[in-house]
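The primary structure of each chain is shown beneath.
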Amino acid sequence: MPLPTHVTKRGDKFYYVRRVPDDLVAVFGGRPRIQRSLRTADKAAAFSEAAKINAAVERQFEEARAKGGFAVSLQDMSDWTSSDWLEVARWFEARLIQDDLERRLPRYSGRILLGNAARSSDLWSDNKLCQEQIDLRRRLDDMTVDRYVSERIKNVNAIIRRVGVSMLPTSEFLLSFAAACLQAELNFDDVFWRRERGEVVAWPHPDEITGRWRKPRPAEAVSSTAPLEIMAPAIAASRVGKTLADCQKKWKESRMLAKKSVREAYLREMTNTIELFESTQKIVDIGEITRKHVIAFRSHLSASGKYEIATINKKCSFITTLLSEAESHAWIDSAVRGNIHLDVPEDDDNREPYGKNDLQRIFSHRIFTGGELIGREKAGRELQFWLPALSCTHGLISSEIVQLGPDTIVPYPGTDTLCFLITTAGGRTVKELARRRYMPIRREFLDKGLLDLVERARRNGWRTLWSAVEERGKKTQLVASMFSAFWSDFSRRELKITDDDKMLYSFRHDFEDAMKANGTPKHIKDNLMGHAEAGTGRRYGTRRQPEPAPIGELDAVIQALAWPFLEKLVAPRLTVDK
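A quick note: this is a predicted structure, and the numbers were derived from the prediction, not measured. (Residues numbered from 1 in each chain as written. Predicted model: local features only at pLDDT ≥ 70, side-chain atom pairs only at ≥ 80, totals over all residues. Heavy atoms only, no water.)

K.L.:
Any chance you could explain the side chain of E512 here in plain terms?
P.N.:
Along the chain, the position of E512 falls in helix α20 (residues 506–517). As a buried residue without a salt bridge, E512 has its nearest oppositely charged side chain in K516, at a separation of 4.6 Å. The residues contacting E512, other than those within four sequence positions of it, are M529 and H531. (Helix = DSSP H or I, 4+ residues; strand = E, 2+ residues; numbered from the N terminus. Buried < 20%, exposed > 50% of the residue type's maximum accessible area, 1.4 Å probe, protein only. Lys, Arg positive; Asp, Glu negative; His and termini not counted. Salt bridge = Lys/Arg side-chain N within 4 Å of Asp/Glu carboxyl O. Contact = heavy atoms within 4.5 Å.)

As structure tokens, then:
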């Protein structure tokens, strides 16, 4: 007997938990899932019992689909014609429009139903959804059918599977079907905005579209003796009336009581992750969150292509940490833990240093030797000179450099050694707490215009040293991201450095390699790099009262590193001022 995958454990008991398919939720009384206690703590017995329940549930799904006239699946579509697939496209369009209507109906008033909406309060879609629809329409207007296949056919298949069909990439009707679906999405966009204006738009219900996926309705209804209600109890029993946001508040309180740091940037990232989890998993109450939801969230993040594995693991950790907090307060019986994180490939962070030849090519460019600046908006004006130069010679990352301000160019306390102060003061953020540090400034830069940047910023009352940041409303992260995109394009097109492992972050590796070549001791390297065991780590004392950094040793290393290009650098003139 095959073991079902719909088994979870809460406390010392196993449960059968199964998500109801979207097309059958209404048939099951609006319940999004089926849940039943297996009444045992024995794993083998639980699997055996769950297999029986699973078979019965599958039969109920099949009967419910048959009652509605839908095929559970179409094993053979080899004799389908173009007309058959055009009917599917018609159903797809009707489904988009019906889903939009069902989203709006709970908030419709009689005025709207009569077609008399006249106030802005009668427009029900939020700004985010409207912006998404605007962005999609712009893409669709310029999208070719071939591009639609590559970008949107997966989305189409996810919807039409609700009637048991799927368009295969090898089908001879793929392009004609895709063209019809592209037209369907454009038609839906028109209906969407007409509804935003308060119009009542008449459109065929999806059930009115006939097609090959339909089956004749059986003469008999689903047996009233089927154990539907027994196996699908109301899910309210598993709800606890608490959300992940409630868990976050408790987590923050616990951290503060333990006198542990609670960084605002960390809280913002946690909040954003909560919102993303709830929107993608369609679940709010923590009592209903299962391991399956966390794994599905992980899969969503991975499939999006937007996140590195380490970031995916971090976001999943937010959710499991908050569920553990809920367990500690007895809000739930058991948290989700164990085997959640993805393995990080050994070469996942194998960004290569540029090396001697690449550095010679980079810093021989007219940006660095002629004081000339590229006028592209993403280039960040004077940042295109200063950011690579400071990153290479000091090991600073782009976000640290972009956040530098006149208050962060200071002497180390009690000395004359001028330093970059990497700090969280003034609303700044650092990647890790260990990255807060004093970095001695290479003296050549004091003569090449760094102090002029400081003076300009003080004179203008700027928070940062950079005109591009100030004109962007002090949005340092935006400017850093824009510059990263500029550098990626610039290094490939103009510098002809095409190695994918060489990027802006590579300068930090060059800095580390220069220290190794100079025989720098590990504790000094850790301090300059901002590694976890630097200044506040094991060498310099306890976490509460770290010993002062050996600034003399740090400065000696910075000044001694060999950078042949340094004497040839010519900083750009400052032309932006009040």
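K.L.:
What exactly am I supposed to notice about the packing of aromatic side chains here?
P.N.:
The tally for this structure, following the rule as stated, stands at 21 aromatic pairs. Measuring from centroid to centroid gives 5.7 Å for W251 and Y266, while their planes differ by 25°, and the two rings are stacked. Placement of the pair is W251 in helix α8 (residues 244–257) and Y266 in helix α9 (residues 264–281), with a sequence separation of 15 residues. Residue W251 is classed as buried on the basis of its relative accessible area of 10%. Owing to a relative accessible area of 26%, Y266 belongs among the partly exposed residues under this scheme. (Phe/Tyr/Trp six-rings, centres within 6.5 Å; stacked < 30°, edge-to-face > 60°.)

K.L.:
Can you walk me through helix α10 (residues 291–304) in this structure?
P.N.:
An α-helical turn contains 3.6 residues, so a residue and the one three or four places further along point in the same direction. When the terminal C-alpha atoms of α10 are compared, their 20 Å separation across 14 residues agrees well with the 20 Å that a helix rising 1.5 Å per residue should span. Those residues of α10 not exposed but buried are H293, V294, F297, R298 and L301. Buried residues in α10, looked at end-on, bunch into an arc of 140°, giving them a common side. Along its buried surface, α10 packs onto β3 (33–37), α9 and α11 (309–328). (Expected span 1.5 Å × (residues − 1). Arc of directions from axis to C-beta.)

Fair warning: the whole summary comes from geometry, so function is off the table for now.
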